Amino acid sequence: DVKVTQSSRYLVKRTGEKVFLECVQDMDHENMFWYRQDPGLGLRLIYFSYDVKMKEKGDIPEGYSVSREKKERFSLILESASTNQTSMYLCASSPPDRYYGYTFGSGTRLTVV
Amino acid sequence: KQEVTQIPAALSVPEGENLVLNCSFTDSAIYNLQWFRQDPGKGLTSLLLIQSSQREQTSGRLNASLDKSSGRSTLYIAASQPGDSATYLCAVRLQGGKLIFGQGTELSVKP
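Residues numbered from 1 in each chain as written. Chains lettered and ligands numbered in written order. Predicted model: local features only at pLDDT ≥ 70, side-chain atom pairs only at ≥ 80, totals over all residues. Heavy atoms only, no water.

### A closer look at the sheet that holds strand E3 (residues 19-25) of chain A
Residues and elements named next belong to chain A. Spatially, 4 strands are ordered E1-E3-E8-E7 in an open sheet, and the strand pairing comes out antiparallel. With one partner strand each, in any of the chains shown, strand E1 (4-6) and strand E7 (64-70) form the two edges of the open sheet. Going from strand to strand, the sheet's axes swing by 20° on average, the running direction of each strand aside. (Pairing = 2+ DSSP bridges. Helix = DSSP H or I, 4+ residues; strand = E, 2+ residues; numbered from the N terminus. Axes fitted to C-alpha atoms, helices over the stretch in contact; angles between N-to-C directions.)

Here it is in structure tokens:
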């Protein structure tokens, strides 16, 4: 069964900490994405990547960066965590072919205190 | 700018009822449309994927339709069960691979 695995289900971090959220997929997909989900705002795209070492800003990239050193792994980095980054973070992957859909991970609930 | 709207925002039905969830999008230039299910505190599970050239897709008790020209999709759930209670999200795939989501419909099926 194909999978997108997010390393943590729940995280609690302190304001100002550097936070790493990890995502690994085993489907050899080129495309990977990071979304955050908030009540009333829905899912918003933070960053995405079409290939190793490539990255593109999504709709809300401020305060975040990403790293994709290997095809299967896409990391989201909060350089200096703030309370307004408390959210559910969702990683997804897809093949580049437009005929395929997305596969999502189980999410990471991040709380910044 | 593509916008995706889902109506209603919440729906409560008795067990056994057939129901329809609606999704509309403003720009018909989509590659495909995907319906997801999300349980509380969990990730998204893909239910159905409809290509832009297709009219409908079926999986078990679920049937999704797509009318690209009018910017509409529906998800039909037959003989609803309490286990169907979840939030249902539709999303359209744009050129470049980005996925734009609706706000979701929160479904509650009462025993």
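That shown, we press on.
### Overview of the interface of chain A and chain B
Each side of the interface is counted separately: chain A has 27 residues, and chain B has 20 residues. Each partner contributes to the roughly 1800 Å² buried at the junction of chain A and chain B, and carbon and sulfur atoms together form 49% of this total. By the criterion of area lost to chain B, the three top residues of chain A are Arg-98, Tyr-102 and Phe-104 of chain A, representing 31% of everything that side buries. Joining chain A to chain B, the criterion identifies 1 salt bridge. Across the contact surface, chain A and chain B share 12 residue pairs in polar contact (both at pLDDT 80 or more). Of all the elements in the fold, those that place two or more residues in the side of chain A that touches chain B are strand E4 (31-38), strand E5 (42-49) and strand E9 (87-94) of chain A. For the side of chain A that touches chain B, a count of residues per class yields 15 nonpolar, 8 polar and 4 charged. (Contact = heavy atoms within 4.5 Å. Buried area = accessible area lost by both parts, 1.4 Å probe. Salt bridge = Lys/Arg side-chain N within 4 Å of Asp/Glu carboxyl O. Polar contact = N/O pair within 3.5 Å; in protein donor to acceptor, adjacent residues only side chain to side chain. Nonpolar A, V, L, I, M, F, W, Y, C, P; charged D, E, K, R; others polar.)

### Describing the packing of aromatic side chains
All chains considered together, the criterion is met by 10 aromatic pairs over all chains. With 5.4 Å between their ring centres and 85° between their planes, Phe-104 of chain A and Phe-36 of chain B make a pair best called edge-to-face. Of this pair, Phe-104 of chain A sits in strand E10 (residues 103-104) while Phe-36 of chain B sits in strand E4 (residues 32-38), which puts the two residues in different chains. One Lys or Arg, Arg-98 of chain A, reaches over the ring of Tyr-31 of chain B and ends 4.6 Å from the middle of that ring. (Phe/Tyr/Trp six-rings, centres within 6.5 Å; stacked < 30°, edge-to-face > 60°. Lys NZ or Arg CZ within 6 Å of the ring centre and 35° of its normal.)

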